[in-house]
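The primary structure of each chain is shown beneath.
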Amino acid sequence: MSATTIIDTAPLGALIRYTDGSPKPPARFTKKLAAWERSNGVGRLVKKEPSRAYPTWTAPASFTLHEGNFSSDGVILVTIMRSHSADSRLIFEVAEEPKAGQVRVLVDFGGNTELLHLAESITAAELWIAREGYRNARLEIVGAEDGDRAGGTDLAA
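Rules used throughout
Residues numbered from 1 in each chain as written. Predicted model: local features only at pLDDT ≥ 70, side-chain atom pairs only at ≥ 80, totals over all residues. Heavy atoms only, no water. Helix = DSSP H or I, 4+ residues; strand = E, 2+ residues; numbered from the N terminus. Buried < 20%, exposed > 50% of the residue type's maximum accessible area, 1.4 Å probe, protein only. Contact = heavy atoms within 4.5 Å. Areas by Shrake-Rupley, 256 points an atom, 1.4 Å probe, with all protein chains shown as cover. Lys, Arg positive; Asp, Glu negative; His and termini not counted. Charge placed at Lys NZ, Arg CZ, Asp CG, Glu CD. pLDDT = per-residue confidence, 0-100. Core = buried A, V, L, I, M, F, W, Y, C linked by side-chain atoms within 4.5 Å.

1. Some remarks on the overall build of the chain
- From N to C terminus, the chain includes three helices and 11 strands.
- Overall, the chain shows an N-to-C arrangement of helices and strands of α-β-α-β-β-β-β-β-β-β-β-α-β-β.
- By residue count, 32% of the 157 residues in the chain fall in the buried class.
- Within the chain, residue pairs in contact and separated by at least 24 positions form 51% of the contacts whose partners lie at least 6 positions apart.
- As displayed, the chain has an accessible area near 9,600 Å², and 53% of this comes from carbon and sulfur atoms.
- Averaged over its 18 positive side-chain charges, the chain has a centre that lies 9 Å from the centre of its 20 negative ones.

Encoded structure:
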């Protein structure tokens, strides 16, 4: 499916797989493998942004995937996020949607909603918020929304 379809239909928290369709090179070709990995991967959908018009150009709609963290001794040092625009030539697919009953920890920033964490329960989400210190986060139970967009039951954190 296209990037536009992901923006229109995929829920926040879904695992999105993307590919350019090329075969994976052998491990001995390290530079070719690194280039292939930049166009083929998987990440959790954390943000969707509509197109925005500026005086000299228009930014296309886009979405952001959280691909992972690098940590040391339990401290996250680097977070890997990758954004894809609606006009991307990559092929996308929803590998896994959030399960009903899971809880999204969301924050509204810059007119958009961003997923901070996907927890297994309300208790786990509240513990995560307390540990991480987000004051403006809100909770949303997966499966409680009315329609395809995140929205239904919101709980203040």
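2. Brief notes about the confidence of the model for the chain
- Per-residue confidence for the chain gives a mean pLDDT of 87; residues scoring 70 or more make up 92%.
- Per-element confidence in the chain is highest for strand β1 (residues 15-19), whose mean pLDDT is 95, and lowest for strand β11 (residues 154-156), whose mean pLDDT is 52.
- Contacts for the low-pLDDT stretch residues 146-153, under 50 throughout, to residues beyond four places or in other chains number 15 contacts.

3. What to know about the nonpolar core
- Core analysis: the biggest nonpolar cluster contains 17 residues, and Ile6, Ile16, Leu45, Phe63, Leu65 and Phe92 have the highest contact counts within it.
- Of all the elements in the fold, those that place two or more residues in this core are α1 (3-9), β1, β2 (41-49) and β5 (62-72).
- Examining the composition of this core, we find that three residues originate from one element, α1, more than from any other.
- Once you skip the residues sitting within four places of it in the chain, Leu45 turns out to touch Ala10, Pro11, Leu12, Gly13, Ala14, Ile16, Phe63, Thr64, Leu65 and Leu115.
- Trp128, Ile129, Ala137 and Leu139 belong to the second-largest nonpolar core, a separate cluster that totals eight residues.

4. A few points about the side chain of Ser62
- Tracing the backbone shows Ser62 in strand β5.
- Residue classification places Ser62 among the buried positions, given a relative accessible area of 13%.
- Excluding residues that lie within four positions of it along the chain, Ser62 makes contacts with Ile7, Lys47, Lys48, Glu49, His84, Ser85 and Ala86.

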